[in-house]
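If you want the building blocks of each chain, they are given just below.
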Amino acid sequence: MFVRTRRLTLRPGWIEDAPELARAIGQWGVVKNLSRAPWPYTLGHAEAFLGAPHAPTEALLILAPDMSGDRIIGGIGLRPNEHDRWELGYWLIPEARGNGYAVEAARGLIDHAREVLRLPEIEAGYAVDNIASARVLDRLGFRPTGERLTTACMARGEPVETVRMRYAVPLASSPAPARIAA
């Protein structure tokens, strides 16, 4: 599955992406806010991740054009969580932050969820010390559920307090800015 937005391509990762993925995600500023990424993140971790089976919306890379072609600037996914609800997760490399890429990528995936998966709502969470992620979710229209959970964080090696948010997916008749290609 591919999703194209105005500036980005969301696509599955391929094993050839492993070195670039390891460089992108293998930064403390990235992994400290992810629950399932270890620290340090190595080429072996990237190869294992890319070689594992994933649902079509679960593990997409975010690519943005640069002088040499497209480069990995992050990852995004939408998957069922342990409560049988769909959950959005994403990350960006530090140098890509502040450009609206997280919002643009998430909107593209949410449009896919609305039109193809017909999800009524999507959940997300952010670590209490990750204010940038809170702003992204707010800009997307997510609203706090009132829940705060303790979530495991492999990289930190300790549980992290997270704030839960929920988004009511608009009806499929709403205009969709993202183009979806299978």
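The structure reproduced in this document is the subject of the present report. Quantities reported herein were computed from a predicted structural model and do not represent experimental measurements.

### Description of the overall build of the chain
Point 1. A count of helices and strands for the chain gives 5 helices and 9 strands.
Point 2. Along the chain, helices (α) and strands (β) appear in the sequence β-β-α-α-α-β-β-β-α-β-α-β-β-β when read from the amino end.
Point 3. For the chain, the C-alpha radius of gyration of 15 Å lies close to 16 Å, the compact-globule estimate for 182 residues.
Point 4. Expressed as lengths along the three principal axes of its C-alpha atoms, the size of the chain is roughly 40 × 40 × 30 Å.
Point 5. Counting all 182 residues of the chain, 44% fall into the buried class.
Point 6. Look at the contacts in the chain between residues 6 or more apart in sequence, and 62% of them connect residues 24 or more apart.
Point 7. Accessible area for the chain stands at about 9,500 Å²; split by element, carbon and sulfur atoms hold 53% of it.

### Topic: the packing of aromatic side chains
Point 1. The full count for this structure, using the stated rule, is 3 aromatic pairs.
Point 2. Between Phe-2 and Trp-14 the ring centres are 6.2 Å apart and the planes differ by 45°, which places this aromatic pair in the tilted class. A residue pair is termed long-range when its members are at least 10 positions apart, and Phe-2 in strand β1 (residues 2–4) and Trp-14 in the loop between β2 (9–12) and α1 (18–25) qualify at 12 residues.
Point 3. Judged by relative accessible area, Trp-14 falls into the partly exposed class, the value being 39%.
Point 4. Its guanidinium or amino end placed over the ring of Trp-14, Arg-11 lies 3.7 Å from that ring's centre, counting from NZ or CZ.

### Looking at the packing of helix α4 (residues 101–117) against helix α5 (residues 131–140)
Point 1. Running from N to C, α4 and α5 point in directions that differ by 45°, and their axes come no closer than 10 Å. Classified by the interaxial angle, the pair formed by α4 and α5 is oblique. Here α4 runs over α5; the crossing is right-handed. Here Ala-102, Val-103, Ala-106 and Arg-107 of α4 lie close against α5, whose contacting residues are Val-136, Arg-139 and Leu-140.

What counts, and where the lines are drawn
- Residue numbers restart at each chain and count upward from 1, following the sequence in its written direction.
- A pLDDT threshold of at least 70 governs which residues receive local features in this predicted model, and a stricter bar of 80 or more applies before side-chain atom pairs are shown or counted, although totals over entire chains, interfaces and linings include all residues.
- Excluded from the side-chain calculations are hydrogens and water; all other atoms, namely the structure's heavy atoms, are used.
- Where helices and strands are cited, they refer to DSSP runs of H or I of at least four residues and of E of at least two residues respectively, numbered from the N terminus.
- The quantity called the radius of gyration is restricted to C-alpha atoms. Its globule counterpart is 2.2 Å times the number of residues to the power 0.38.
- Relative accessibility thresholds used throughout: buried, under 20% of the residue-type maximum; exposed, over 50%; partly exposed, between the two (1.4 Å probe, protein chains only).
- Here, two residues are considered to be in contact whenever any of their heavy atoms come within 4.5 Å of each other.
- Each accessible area is a Shrake-Rupley estimate made with a 1.4 Å probe; only the visible protein chains count as cover when residues are assessed.
- Centre distance within 6.5 Å is the pairing criterion for rings of Phe, Tyr and Trp, where only the six-membered ring of Trp is used; planes under 30 degrees apart are then read as stacked, over 60 as edge-to-face, and the remainder as tilted.
- Comment: the charge-over-ring label is applied if NZ (Lys) or CZ (Arg) is within 6 Å of the ring centre and within 35 degrees of the ring normal.
- Note on geometry: axes are C-alpha line fits, over the in-contact stretch for helices, and angles between N-to-C directions span 0 to 180 degrees.
- Orientation is classified from the angle alone, with under 35 degrees giving roughly parallel, over 145 giving roughly antiparallel, 65 to 115 giving roughly perpendicular, and any other angle giving oblique.
- By definition, turning the near helix anticlockwise from the far helix through less than a right angle yields a left-handed crossing, and turning it clockwise yields a right-handed one.

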